[in-house]
Structures are given as structure tokens and as C-alpha cells.
Amino acid sequence: MPVSSQQATDERDPKQDAGVASEVAVGQDVAGGRPERQRVRVSGQVQGVGFRPFVFGLARRLGLSGWVRNEGHGVLIEVQGTDVGLEAFGRFLLDEPPPLTRINQVTKEVAAPEAASGGFEILPSEGGRVDTEMVPDAMVCEACLAELFDPGDRRYRYPFINCTHCGPRYTLTRSLPYDRARTSMAVFSQCGRCQAEYADPENRRFHAQPNACPACGPGLQCLAADGTPLREQDPVAATVARLARGEVVAVKGIGGFHLMCRADDPSAIARLRQRKHRDTKPLAVMVASPADLDGAVEIGTEERRLLASVARPIVLLPKRAGCDAWLPGVAPGLAWLGVMLPSAPLHYLLFHEMAGRPGGTQWLQERGPESPGWPLVCTSANPGGEPLVTQNDEAVQRLAGLADAFLTHDRDIVTPCDDSVVRTGPRGPTFIRRARGFAPAPIRLPRPGPSVLALGGWFKNTACVTRGDRAFLSQHVGDLDSPASCRALEAIVDHLQRLFAIRPERVACDQHPDFHSSQFAARLAGRLGVPLIRVQHHHAHLAAVQAEYGLTDTVIGIAMDGVGLGTDGTPWGGELLRLDAERFERLGHLAPLALPGGDRAAREPWRMAASVLHRLGRGDEIPDRFAVQPLAPGIADLLRRDVRCPPTTSLGRYFDAVAGLLGIRAVAHFEGQAAMELEGLAQQYGSVEPMEGGWCVDQDRVLDLAPLLNWLAEPSASATPAARAHAAAVFHATLARALAGWVGVVAREHDVRDLVFGGGCVSNQMLVREMGAWLESDGMRVYWPRQVPPNDGGLSLGQAWVACRTSAGDSTHTGRRDR
């Protein structure tokens, strides 16, 4: 699940937790009896979450003595008292930790009692081997929000307010253990009042490493488009005034800069798109409250929980009628709107200013579509798909011509971290992008293994390092199509290794030799003198699901995506695989389609539609069918002569072909656009029965959708908008039934009941719902990616798991049999 139960828990003060424990323990004999002493080690997400003050308060209220401190593995406690008191201490330690805590393991050993043991204290952190976890960044908590909007509080409208329950962690930390000196806050010396809070175990800011106030902490500054400092008395008010005028402002957040403008201003959005060269790719919208979008989108219980979680991801919400009229140009042609709530105090201050600076937090509960202000477009400030901008000077240079002004601050971002993106569906939430709020929280592996560094693929790149039985997946890096993106990957890899003090024993990468990630992996393996494990692309997709669910026995699954290099040198993408330990076997695949003109066909769905017509023996229809495409006659000729038309088994290209056949999308402006529009139309139409006889499977287990495609190619299927929506729904229903039947038959033949699915097409919730229902009704156990994206963002986890299970001398992973 993308959001853990700890992330959904309400913010609490450690004093309250300890107070509950005190009330429960009243009347128990915790003061008398023979004293005993325990040494307790707690591992997991226990640093930077208020765990030590919680332990301090708990021990004091139970009448126990001893100490607690951070160390490399997590938190070390020595506690002394009666057996009753120690039993209560251990129970409440697990049952009532602070909200951001995630405890993986607690180990106890007997220690010799100390005769002179007095009270309980918090000791300075100890170094040593790092074996703890890093807390992801967390949104501002309710207690800090109350102070932020209290005119009588000394942190009133202070954009860097935080405590042990909230605020940046990963993005400002250079190394562990998590102490102020190891963060970008080290340059800010705390004033007397802040230092007193920091040193007071009864205060929720006790050892809150980013603790600060207006007198001693970071500050805001407005810059003109050329980087000239502007003497604005109130940078937040000045920024809101600029946004009101329709300007585009670059705003520095927790993990990087955002480009912001009014979401209800078509001209502002048009300028942003023109400057960023982002013609139709959807933009995300930030609102102060979900109620701001009442009537514009559908928000269910799960979507509301995700929006309000401490991770604060972008959540894809189904549009209602009228959404595009209110927010024109934000997500044109799509059935979903990406929505996020404020993740930082600064974001809240922008909406607070629009609302007229009301006192208290009640204004947030009273929001609605008619509330003062407007939703904001909030998109990553990365020109041309390059890495996220994080530094002030860099922003002025790289965002020149994109932003009309800048709202910056002087707290450095150590590690860039983009916004996470999730989508809900019948099988639960699914990541589209895993980054801020989730990275680098670990994924528990089925068993411990050697330390591995995995470098992912080309698209939606992430890296992964493992330590023992935990895998730490990096934040989203992006496509490795520029030198800057390649450098960003290398910097993140270096940071992960230093942060978790890991020296890889193996390095893993994609089988494709031309990816920068593969070449970087080869260099690293050579430099470290360790084995290089090359993992086939679709094997890695399914292995990631194995790793997530702890599946160590044989599984069968389908990897369905846009492209990945197969063991035969051709592009795969619709693969029926059997996975045994670190090996895989290709049992079947989709019937190949030609890629007329090569990779360009992946960006122009009309070419894939032409490919289908040719395969159906209807190639003579291509010039007239696509008369608006000047190259249509030439493409028909290439297909006829089988020149520059490599075959692919990619399911993603089938989606493109159907979108082209139905006239939904001829040329795609961003990856997955045709498939998203096709799914949106099908969802709009609703459920239909699959086409009878719409597919067949030959003796080599090749799944052929030719009957379905032949029906979709008929002009009647695309004659009207209603006909297109119906055809899209039939395609989804038939494809889901075909895939489920295909894998189900093979699973029974192999006496396997555990089925895994991965690849970008698994983001399609209509497909997932229908396939899952059919297979589970047939007695199968079905597993879909939940903790990592099903797309290439999850490849590095799969690569790491395969490498963990591979013998040290084996660096080749190909199928046992290609059909």
C-alpha cells in the first residue's frame, strides 16, 4: 500500500502518549521489588520522529531509570525498574509510538542493575555502523498548523515551522545518524528560545533537527525574473499578488522548485505550457482543501485518505462534468485530474494570504468552491524533462524564460525529491511515481542477502540499494535522456550509499547495453571489483512483485509494458513468464506487431494502426484511412516490403494501435497519452461483455487478438463519439478476459496458483479490475505492485531481488526457452 497506517495516524504529542501509559499503569507496583535492567535495541524508522522523547516520557511516568540515545542501528535504550514496570514499558513501546514511527525490530538483553541509577536521561548520539532507516519528508502537522495561523504565536506565518512529527527529513539530510549537524540546518544556530525547546524532553520540538523560528532560522526572498533580489516586505503577499495577475512564479518547496500559476486562468496556463514546451501533458493542481474541488472531481474515501496523508502525494481523481470548463488546459483530453494538498507551511501560507489571513485553522474546514482564492497549477520546475531544480542560483539560470519571478529561501535542499503520484482503483492504490513522502522508506525483502546496488532502466529511472532484508528505493529520477539526468542518477546513487553506509557486493542493471544506467553499472562494478548482474527487463518487472510480497516459490505472470529488450534482441512487452528463484522462462507472448519506421511508431499511434491493418491483410486501406498523414503511403510501402519494421510483442503498442484505429489519438505528445485517453473513454462508457471469439492462442502459447482488432478496424467502430467509447470498452473487456484466460490455463498446466503482474500497463485500473476478478474466481492468488510503481520506476527493486538470489559468479540472466 502506498500509504502506511503510521502515515494516516493523527499527529500526537509524545507527552500525550506517555500520559496514556501513565494512566494505564496507575495502581501497579512499579516502584517496589527487586530492580532489573534491560538493554533494548529498536530498529526501523525511529530517528527524527520524536521517539527518544517518547521513550523519556514513558520511562519517567512508569518510574523507570536509565537512558536512551540514537546510534547507527536505530535507538539504544537501557532501562531499569521492576519486572512489572519493564513489562509495561515494553508493551507501550510497541503499542503507542509517535505517529511517524515504524518499528521493524525490538531486541532485548539482560543487563546488570546499577545501584546508583537515578532518573532517566537522553544521551548524545553515538556513531558506529549505520543500520537505521531514513524518515521520508512529512507534511506539516496539525499542532504546527495551529501555531502557524495563531497571531499570538511567535511562529505566526513562519514558513519553516516544524516539529518531531512533521517537516523535511530525507531532503535535508546528508548522513545518518539523523542529527542537526548532518543536515542543511547545521548553518543555522538556534536562538535561546529555540534551543530551550530543542533541549526540553517535554517539548514536541525536543531534538527536532530542523527547529527554527523567524529570529534564527531560514527566511524567504523574492527574486525578479533575472535573479535580482526584490525588496518585498512580505514575500508571500507579493507572490500571491503576482499569481493573481496571471504570472508564473517558481516557488522553492521541500524537495525542489515548482512552477505555479492560477489553475483557472487559461492565458497563464497557456504561457506556462508554451514556455515549458509541454503542449498537452497534464499538470497537477494544488488546493487548500479537497472541498475546494467539490463538483469538479470525484473524491472517494480512499482518495481523501491519500490526499490528507503525511506523504501528500498527487492523487489522480476522476473528473466530473464541468471540470475542464473551470480549469481549462490543465489536463486536456484526460478523464482524471492530478490533485494535491499543501505539503509545506509555505504552500499553506499562499492559500492563507488568498483567504485574507484568517486567524486559527477553522478556515481550512470551511473551504468550498466559493472560498476566496483559486487553485494553483503546481508542476515540477524542470525544463525539458531535466532533473528537478533545487538551488537558488541554479533556478535563476535554468528557469530563465520560464518564470516571471521566484520565491526562494536559504535552507538548502540536499537531495532533490519530486512529488509522488498515486492512483486508486479496485485493487487499491497504485504508484505512478514514488518520490517525496515515500522515498527512501524501505521495502522488506523475503530474506536477507548480499548488499546490492541496482540501477534501473532508461525510462522513469530509480535506483535501489539493499542491506540485509531491506531494499531502499530511491526517489523518481526520470528518463535518462539528457546528460543532466544521467548526472542526477549518479549523484543519487552516491548519496544512497553514503546515507546508508552501504558498499555493494553486487551491482545490477538492465540487460540493454546502451542504457546509461547499464553503462554506469558496469563502471561501478569494475571500480568496486564486484559481479555485474544483467537482468532482463520483464523478468525485473515481475521480480519486483515477488520481492514486495515475499514470494520465494515458483510464480507465473505477465509483464505488460511499452518496451524492453528481449533475450532474442527484439523489443518485448507482452510476456508470459515463469519465475523460479533467480531464473525465468518465457512461456508465451503476444502476437508480434511491426513497428513501421522503428521507435517513431511508439510516438505516433496512427503508425501502429497501419501496422494492424497490414497484419489483417487490409494494408491497401492505409493511404485513405490516414490521408491526413503525409507519410501514410510510404508507411504502407515499408510494411509491404518489411523494411525498417522490426517486430514487437509490446502490449503498450496494442493500446496505441487501437487508439489510432478509433481516431482517438494519431500522434502522442507524452508517453502513455493514447492509452490513457483510451481507458478514459472506456471508463466513461462503462462495463460491457467481452467480444466472443475475440482472440485465440496457438500451440506455442502466442496470444493473438486479430479477431478483436479486425472488428475495431471497421469504420462503424469509430463512426461517432458514442461508437468510439463503446469500442474502447469492448477492447478493455476483451483484452482483460483474453489475458486472464491465457495465464490461467498455463498456471494450471504448471500447477502454480501464485500469479504476478507488472509493467506500465498495470496502471490501467479497468484492465486490473477485470483480470483480477476473473482469476480470483478461478482460485488463483493474484499479486499486483503496491509499494513500488508497476512501470519502469519499479525495475530497480526487481533487479536487486534477482541479484540477491543469484550466485556470485553468474552475471547472465536469460530465459531458458524463447518461443
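Residues numbered from 1 in each chain as written. Predicted model: local features only at pLDDT ≥ 70, side-chain atom pairs only at ≥ 80, totals over all residues. Heavy atoms only, no water.

### Describing helix α20 (residues 651-661)
Next up, step 1: Within α20, 11 of the 11 residues are buried, which leaves it mostly tucked inside the rest of the structure.
Next up, step 2: When we look at burial in α20, the residues that qualify are Leu651, Gly652, Arg653, Tyr654, Phe655, Asp656, Ala657, Val658, Ala659, Gly660 and Leu661.
Next up, step 3: A distance of 3.1 Å separates the backbone nitrogen of Gly652 from a side-chain oxygen at the start of α20, and that oxygen is part of Ser650. (Buried < 20%, exposed > 50% of the residue type's maximum accessible area, 1.4 Å probe, protein only. Helix = DSSP H or I, 4+ residues; strand = E, 2+ residues; numbered from the N terminus. Polar contact = N/O pair within 3.5 Å; in protein donor to acceptor, adjacent residues only side chain to side chain.)

### Digging into the confidence of the model for the protein chain
Next up, step 1: Mean pLDDT over the protein chain stands at 92; residues scoring 70 or higher make up 94%.
Next up, step 2: Contacts of residues 1-31 to residues separated by more than four positions or lying in other chains number 73 contacts, the stretch itself having pLDDT below 50.
Next up, step 3: Long-range and interchain partners of residues 813-819, a stretch whose pLDDT sits below 50, account for 34 contacts in this model, where long-range means more than four residues apart. (pLDDT = per-residue confidence, 0-100. Contact = heavy atoms within 4.5 Å.)

### A few points about the nonpolar core
Next up, step 1: Ile558, Met560, Leu651, Leu739, Phe757, Leu767 and Met771 are the most contacted members of the largest nonpolar core, which has 73 residues in total.
Next up, step 2: When residues in this core are grouped by element, the largest group, 15 residues, is from helix α23 (residues 721-749).
Next up, step 3: With residues near it in sequence (within four places) discarded, Leu651 still touches Met560, Asp561, Gly573, Gly574, Leu590, Leu735, Leu739, Cys761 and Leu767.
Next up, step 4: Ranked by size, the runner-up nonpolar core spans 67 residues in total, among them Leu64, Val75, Tyr348 and Cys378. (Core = buried A, V, L, I, M, F, W, Y, C linked by side-chain atoms within 4.5 Å.)

### Thoughts on the pairing of strand β9 (residues 257-262)
Next up, step 1: Judged by how many residues are buried, β9 sits mostly within the fold: six of six residues are covered.
Next up, step 2: Bridging between strand β8 (residues 249-252) and β9 involves four bridges; their strand directions are antiparallel. Within β9, the residue paired with Lys252 across the bridge is Phe257.
Next up, step 3: Hairpin connection of β8 to β9: four residues between the antiparallel strands.
Next up, step 4: With five bridges connecting them, β9 and strand β13 (residues 376-380) associate as antiparallel partners. Looking across to β13, one finds that Met260 is bridged to Cys378. (Pairing = 2+ DSSP bridges.)

### A few points about the sheet that holds strand β24 (residues 583-590)
Next up, step 1: Sheet architecture is open: seven strands sit in the order β27-β28-β24-β23-β22-β29-β30, paired in mixed fashion. The sheet is open, and its two borders are formed by β27 (696-697) and β30 (781-783), each paired with just one other strand.
Next up, step 2: As paired elements, β24 and strand β28 (residues 702-704) share two bridges and run parallel to each other. Bridge pairing in β28 links Leu590 to Leu703.
Next up, step 3: Helix α16 (residues 537-549) rests against β22 (555-565), β23 (571-580), β24, β29 (754-758) and β30 of the sheet, and its axis sits at about 135° to β22. (Axes fitted to C-alpha atoms, helices over the stretch in contact; angles between N-to-C directions.)

### Notes on the packing of α16 against helix α25 (residues 795-804)
Next up, step 1: In contact at an axis separation of 7 Å, α16 and α25 are set at 85° when each is read in the N-to-C sense. Overall, the two elements α16 and α25 adopt an arrangement that is roughly perpendicular. Residue-level inspection shows His537, His539, Ala540, His541, Ala543, Ala544, Gln546 and Ala547 of α16 in contact with α25, the latter providing Leu795, Leu797, Gly798, Gln799, Trp801 and Val802.
Next up, step 2: Across the contact of α16 with α25, the residue classes break down as eight nonpolar, six polar and no charged. (Parallel < 35°, antiparallel > 145°, perpendicular 65-115°, else oblique. Nonpolar A, V, L, I, M, F, W, Y, C, P; charged D, E, K, R; others polar.)

### Concerning the sheet that holds strand β2 (residues 65-71)
Next up, step 1: Here five strands make up an open sheet; going across it, the order is β4-β1-β3-β2-β5 and the pairing mixed. Of all strands in the sheet, those with a lone pairing partner are β4 (102-111) and β5 (120-122), marking the two edges. For this sheet, the mean inter-axis angle between neighbouring strands, taken without regard to orientation, is 15°.
Next up, step 2: Inspection of the sheet shows β2 paired to β5 by three bridges, in the parallel sense. Counterpart to Trp67 in the pairing with β5 is Glu121.
Next up, step 3: Helix α3 (residues 51-61) contacts β1 (36-45), β2, β3 (74-81), β4 and β5 of the sheet and is inclined by roughly 170° relative to β5.
Next up, step 4: Against the sheet, helix α4 (residues 83-95) engages β1, β3 and β4, with an angle of about 155° to β3.

### So, the packing of aromatic side chains
Next up, step 1: Tallying each qualifying case throughout the model produces 12 aromatic pairs.
Next up, step 2: Both rings, one in Phe51 and one in Phe54, keep their centres 5.9 Å apart while their planes meet at 45°; by these two values the pair is tilted. Residue Phe51 and its partner Phe54 are located together in helix α3, separated by three residues, close to a single helical turn. Here Phe51 and Phe54 have matching classes, each one buried.
Next up, step 3: Clustering of aromatic rings is evident, with ring pairs tying together Phe149, Tyr348 and Trp363.
Next up, step 4: One cation-aromatic arrangement involves Arg91 over Phe92; the distance from NZ or CZ to the ring centre is 4.9 Å.
Next up, step 5: One residue, Arg586, lies across the ring of Trp572, its end atom 3.8 Å from the ring centre. (Phe/Tyr/Trp six-rings, centres within 6.5 Å; stacked < 30°, edge-to-face > 60°. Lys NZ or Arg CZ within 6 Å of the ring centre and 35° of its normal.)

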